[in-house]
Amino acid sequence: MTPPRTVLVTGSSGLIGSAMVSHFDRLGAVMHGVDNNMRADFFGPSGDTASNLALLRAECPRFVHHNLDVRKRSGVDQLVQEVQPDLIVHAAAQPSHDLAADRPFDDFDVNAGGTLNLLEATRRHVPEAVFVFLSTNKVYGDAPNRLPLNESETRWDYAREDDRGGIDESMSIDGCMHSLFGASKVAADVMVQEYGRYFGMKTCTFRGGCLTGSRHAGAQQHGFLNYLVKTAVAGQPYTIFGYGGKQVRDQIHAEDVARAAEAVYQNPRPGEVYNLGGGRENAASVLECIELIAELSGRRLEPGYRDEPRRGDHICYITDLTKFRSHYPEWDLTWTLSAIVEDQVAAARDALNGKAEVQA
């Protein structure tokens, strides 16, 4: 299979963006990254992605960085025209429920407006390019909470056997509460589909579960597993919000997401949507993740608890990967949950040893 010659990645200093840059650089592509480190503005020092940018500059010989805000329509249009990418991976986003409520215009302008800027620039200048968009499972709002659930000692889980495989793409995104973040991602998600269906462009949407990895700049408002690992290793306080800490998430490593984007590039299906997460094999509750981190790090976290869940939060979300696996049978998960946590524990220890303290 022939890899792309030129790849443009937005959010290139973030978790998924940096994984995309590293992956396609290894395949020999010329890499162009767009990132203005707005995550540091959103989340403070814990969200700063400057270290990821430095790593990409050191390790990826074909990488070119562009300090560009995706909200700048003329700048996005000019860059796409100049670069002429074969593949565009749009990972830039405002990713937090809580922050969206405080900064709704920034949230919508980045998530929805930035996506439209990139789509239209692609249509004008490189309409044959493959366009992969990192959406979110939050487009389903709190609809997954309507499924019957059973409560065990450590987790919530689906009560019906028919639901055991997880949430598939047929779940409605209507008639539920999303949070403002979820709503802005719905707008972008549907627009990406429309450019595929209406214009015939090679667009693809990944509705991600918990996307994670050691490059994640996890913060309290976003990046659950990475933030949990960092606080445990550093001995800092952590607060569980609601549901007894039994809420379940499935974890997928950023490298497996990059491999999924490569699979789509090789065989694009215009306007298609895929739920992409760790599936049942990589699913665990907050309480179970705390135990796993203690086992792998030797540091037991004693969390605080607030009996008030975040609005629109999922009680149990497990991704059904059936559709993506059927369309791309050469792809599968390569990172187990234990390997994901072990990788992040090692990175958190390295960060702690290199600084007086880890910012949480």
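Note that the structure is predicted; figures quoted are calculated from it, not measured.

Comments concerning the pairing of strand S12 (residues 272-276)
Thought 1: For S12, a buried count of five out of five residues is recorded, marking the element as mostly surrounded by other parts of the structure.
Thought 2: Side chains of S12 alternate between two faces, with Glu272, Tyr274 and Leu276 and Val273 and Asn275 buried alike.
Thought 3: By the bridge criterion, five bridges tie strand S8 (residues 202-208) to S12 in an arrangement that is parallel. Looking across to S12, one finds that Phe206 is bridged to Tyr274.

With respect to the side chain of Thr212
Thought 1: Inspection of the secondary structure assignment puts Thr212 in strand S9 (residues 210-212).
Thought 2: The exposure class assigned to Thr212 is buried, which follows from its relative accessible area of 1%.
Thought 3: Here the side chain of Thr212 touches Gln344 through a polar contact of 2.7 Å, side chain to side chain.
Thought 4: Not counting the four nearest positions on each side in its chain, Thr212 is found in contact with Leu15, Leu225, Asn226, Gln251, Ile252, His253, Ala254, Ile340 and Gln344.

So, the pairing of S8
Thought 1: In terms of burial, S8 is a largely internal element, six of the seven residues being buried.
Thought 2: Inspection of the sheet shows strand S5 (residues 130-136) paired to S8 by seven bridges, in the parallel sense. Note on S8: the bridge partner recorded for Val132 is Cys204.

A word on the sheet that holds S9
Thought 1: Taken together, the three strands give an open sheet; going across it, the order is S9-S11-S13, and neighbouring strands pair in mixed fashion. What marks the edges here is a single partner per strand, and that holds for S9 and strand S13 (283-285). For this sheet the average axis-to-axis angle between neighbouring strands, irrespective of direction, equals 40°.
Thought 2: As defined by bridge partners, strand S11 (residues 248-253) adjoins S13 across three bridges and the pair is classed as antiparallel. Paired with Val248 across the two strands is Ser285, which belongs to S13.

What about the sheet that holds strand S1 (residues 6-10)?
Thought 1: Taking strand neighbours across the sheet as the criterion, the seven strands line up as S3-S2-S1-S4-S5-S8-S12 in an open arrangement whose pairing is parallel. Lying at the two open borders of the sheet, with one neighbouring strand each, are strand S3 (63-66) and S12. Strand after strand, the sheet turns through a mean of 20° between neighbouring axes, direction not considered.
Thought 2: In the packing of helix H4 (residues 73-83) onto the sheet, the strands contacted are S1, strand S2 (30-34) and S3, and the crossing angle to S1 comes to about 160°.

Reading the values: rules and limits
- Residues numbered from 1 in each chain as written.
- Predicted model: local features only at pLDDT ≥ 70, side-chain atom pairs only at ≥ 80, totals over all residues.
- Heavy atoms only, no water.
- Buried < 20%, exposed > 50% of the residue type's maximum accessible area, 1.4 Å probe, protein only.
- Helix = DSSP H or I, 4+ residues; strand = E, 2+ residues; numbered from the N terminus.
- Pairing = 2+ DSSP bridges.
- Polar contact = N/O pair within 3.5 Å; in protein donor to acceptor, adjacent residues only side chain to side chain.
- Contact = heavy atoms within 4.5 Å.
- Axes fitted to C-alpha atoms, helices over the stretch in contact; angles between N-to-C directions.

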